[in-house]
Amino acid sequence: MKKDFLSITDLSKKEIIYLVDLAINLKEELISNGENIPYLKNKTLTMIFEKPSLRTRVSFEVAMTQLGGHAINLSPADIGIGKRESIADVSKVISSMTDIIMARVFKHSLIEELAIHSSVPVINGLSDLEHPCQILADLLTIYEIKKNFDGLKIAYLGDSENNVTHSLALASAILGINFITASPSGYWTKKNISQTAKKFAKKNNCQIIETDDPIKAVKNADIIYTDTWISMGDESEKEKRLKIFPKYQVTSKIMSFAKKDAIFMHDMPAYRGQEVTAEVIDGKQSVIFQQAENRLHAQKALLVYLLNNSKLS
Ligand code: NVA
């Protein structure tokens, strides 16, 4: 049966660890041999973008090339999904000709509908609700640096009601990582996401905490994470948000409350002087470029896994 990846919760703890491990192996294979085995020879990925993209677009396309397959890019002007043609018709046509689909969309419900009508796996390349591919690369980065996940503490500062925070909270809870967000009121994690995360956390002996106090959040943290205050689709709130969020900017002072060996993470695009100072994001604790490059290695693991998922039941 085909397996979709619409939410990070579509993977169990065992599957996430398997994918991190596979990504490490594929990365090592590429570095030591200068190429990967063509695990996806003759396979085609269709990429649908309703929003701009740098890391997602490049990493998926390069991943397919390096694994011996091919990627097709469809912009809104090409297909007009849900306008020129229904989501169901687009999905049925694409899945009859290509092997896997990745879509970046405004509404999460669009990608759910795409998956319902597709006979091949569908990957969420970012929706208003989740950004699970980003989080796989983040976990790979955290594992490379910290060597395990157990007992870590991630502090997230800024807009907690966004796709990155949602997937990060859920992933942390699945893996047993303590996760604390500090955000202004009105920008806390969506209720159903935080309830799901707390359920997983209870089972996996970790805590999911929400606060409006950035210092409380970062105390003794192993990882400080932030994202833009104005996600794609939130542009109309820009002026309002720029007034509300400055208390949650990641500064050197904020970093000083975390552990000495804490790392700084950001999924990018980053806005220096808004959610983070240039001193922090360009400083020695920042791992943002390792994190960005890991999109490629994590994406490869995901593609190989979804196209051969019978290997792990
Ligand atoms: N939260 C951001 C992530 C960008 C990769 C956005 O949705 O714009």
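Scoring rules and cut-offs
Residues numbered from 1 in each chain as written. Predicted model: local features only at pLDDT ≥ 70, side-chain atom pairs only at ≥ 80, totals over all residues. Heavy atoms only, no water. Helix = DSSP H or I, 4+ residues; strand = E, 2+ residues; numbered from the N terminus. Rg over C-alpha atoms; globule rule 2.2 N^0.38 Å. Buried < 20%, exposed > 50% of the residue type's maximum accessible area, 1.4 Å probe, protein only. Contact = heavy atoms within 4.5 Å. Lys, Arg positive; Asp, Glu negative; His and termini not counted. Charge placed at Lys NZ, Arg CZ, Asp CG, Glu CD. Salt bridge = Lys/Arg side-chain N within 4 Å of Asp/Glu carboxyl O. Pairing = 2+ DSSP bridges. Core = buried A, V, L, I, M, F, W, Y, C linked by side-chain atoms within 4.5 Å. Phe/Tyr/Trp six-rings, centres within 6.5 Å; stacked < 30°, edge-to-face > 60°. Near = heavy atom within 4 Å. Polar contact = N/O pair within 3.5 Å; in protein donor to acceptor, adjacent residues only side chain to side chain. Areas by Shrake-Rupley, 256 points an atom, 1.4 Å probe, with all protein chains shown as cover. Nonpolar A, V, L, I, M, F, W, Y, C, P; charged D, E, K, R; others polar. Axes fitted to C-alpha atoms, helices over the stretch in contact; angles between N-to-C directions.

Colleague: Explain the overall build of the protein chain to me, please; I cannot follow it from the model alone.
Modeller: Per the secondary structure count, the protein chain includes 13 helices and 9 strands. Against the 2.2 N^0.38 benchmark of 20 Å for 313 residues, the protein chain shows a C-alpha radius of gyration of 19 Å, consistent with a compact globule. Dimensions of the protein chain, computed from the C-alpha atoms along their principal axes, are close to 55 × 45 × 35 Å. Taken across its 313 residues, the protein chain has 57% of its residues classed as buried. Once local pairs closer than 6 in sequence are excluded, the contacts in the protein chain between residues at least 24 apart make up 76%. Measuring between centres, the 39 positive side-chain charges of the protein chain sit 4 Å from its 37 negative side-chain charges.

Colleague: I'm lost on the pattern of salt bridges in this one. Help?
Modeller: Think of it this way: side chains of opposite charge can pair up when their charged atoms draw near. If you walk through the whole model with that rule in mind, you get 13 salt bridges. Among the ionic pairs, K3 bridges to E15, the shortest N-O distance being 3.4 Å. Of the two residues, K3 sits in the segment before α1 (13-33) while E15 sits in helix α1, which places them 12 residues apart along the sequence. Taking the relative accessible area as the measure of exposure, E15 reaches 12% and is therefore buried. For the salt bridge of E161 with K190, the shortest nitrogen-to-oxygen distance reads 3.5 Å. In this pair, E161 is assigned in the loop between β5 (153-157) and α7 (163-175) and K190 in the loop between β6 (178-182) and α8 (191-203), connecting sequence segments 29 residues apart.

Colleague: How should the pairing of strand β8 (residues 223-226) be read in this particular structure?
Modeller: Moving residue by residue along a regular strand, the side chains alternate between the two faces of the sheet. On β8, burial covers both faces: I223 and Y225 on one face and I224 and T226 on the other are all buried. In terms of strand pairing, β5 meets β8 through 4 bridges, oriented parallel. Across the sheet, L157 pairs through a bridge with T226, a residue of β8. When β8 meets strand β9 (residues 263-266), the two strands line up parallel, connected through 4 bridges. Looking at β9, one finds that I224 is bridged to F264.

Colleague: Would you explain the nonpolar core in this entry?
Modeller: General note: in soluble globular proteins, nonpolar side chains tend to be found buried as a group. By size, the foremost hydrophobic cluster in this structure holds 62 residues, and its most contacted members are F5, L45, I123, L139 and L303. Ranked by size, the runner-up nonpolar core spans 21 residues in total, among them A182, A221, Y248 and A262.

Colleague: I keep staring at the packing of aromatic side chains and nothing clicks. Help me out?
Modeller: Using the criterion set out here, one finds 5 aromatic pairs in the structure. Here the aromatic rings of W229 and F245 are separated by 5.6 Å at their centres, their planes lie at 20°, and the arrangement is stacked. Taken as a pair, W229 in the loop between β8 and α10 (238-244) and F245 in the loop between α10 and α11 (252-256) lie far apart in primary sequence, 16 residues in all. Members of the aromatic cluster, connected to one another through ring pairs, are Y187, W229 and F245.

Colleague: Any chance you could explain the site of the ligand here in plain terms?
Modeller: For the ligand, the full set of nearby residues is L126, H131, N162, N163, D227, T228, S231, M232, D267 and M268. A distance of 2.7 Å is found between a nitrogen atom of the ligand and a side-chain nitrogen or oxygen belonging to D227. When the ligand sits alone it has 270 Å² of accessible area, and the protein chains cover 95% of it. Split by residue class, the shell around the ligand holds 3 nonpolar, 5 polar and 2 charged.

Colleague: When you look at the sheet that holds strand β4 (residues 122-124) in this model, what are you seeing that I'm missing?
Modeller: Hydrogen bonds between backbone atoms are what pair the strands of a sheet, whose relative direction is either parallel or antiparallel. With parallel pairing, the 4 strands of this open sheet are ordered in space as β2-β1-β3-β4. Since the sheet does not close on itself, it has two edges, and those belong to β2 (70-74) and β4, each with one partner. Between one strand axis and the next, the sheet turns through 20° on average, direction left out of account. In the sheet, strand β1 (residues 44-49) pairs with strand β3 (residues 100-104) via 5 bridges, with the strands oriented parallel. Counterpart to T46 in the pairing with β3 is I101.

Colleague: Would you take a moment to explain the sheet that holds β6 for this structure?
Modeller: In space, the 5 strands of this open sheet follow the order β7-β6-β5-β8-β9, with parallel pairing throughout. The outermost strands of the open sheet, each flanked by one partner alone, are β7 (208-211) and β9. Neighbour-to-neighbour, the strand axes of this sheet turn through a mean angle of 20°, independent of strand direction. As paired elements, β5 and β6 share 5 bridges and run parallel to each other. Opposite Y156, over in β6, you have T181 as the bridge partner.

In short, shape yes, function no, at least from these values alone.
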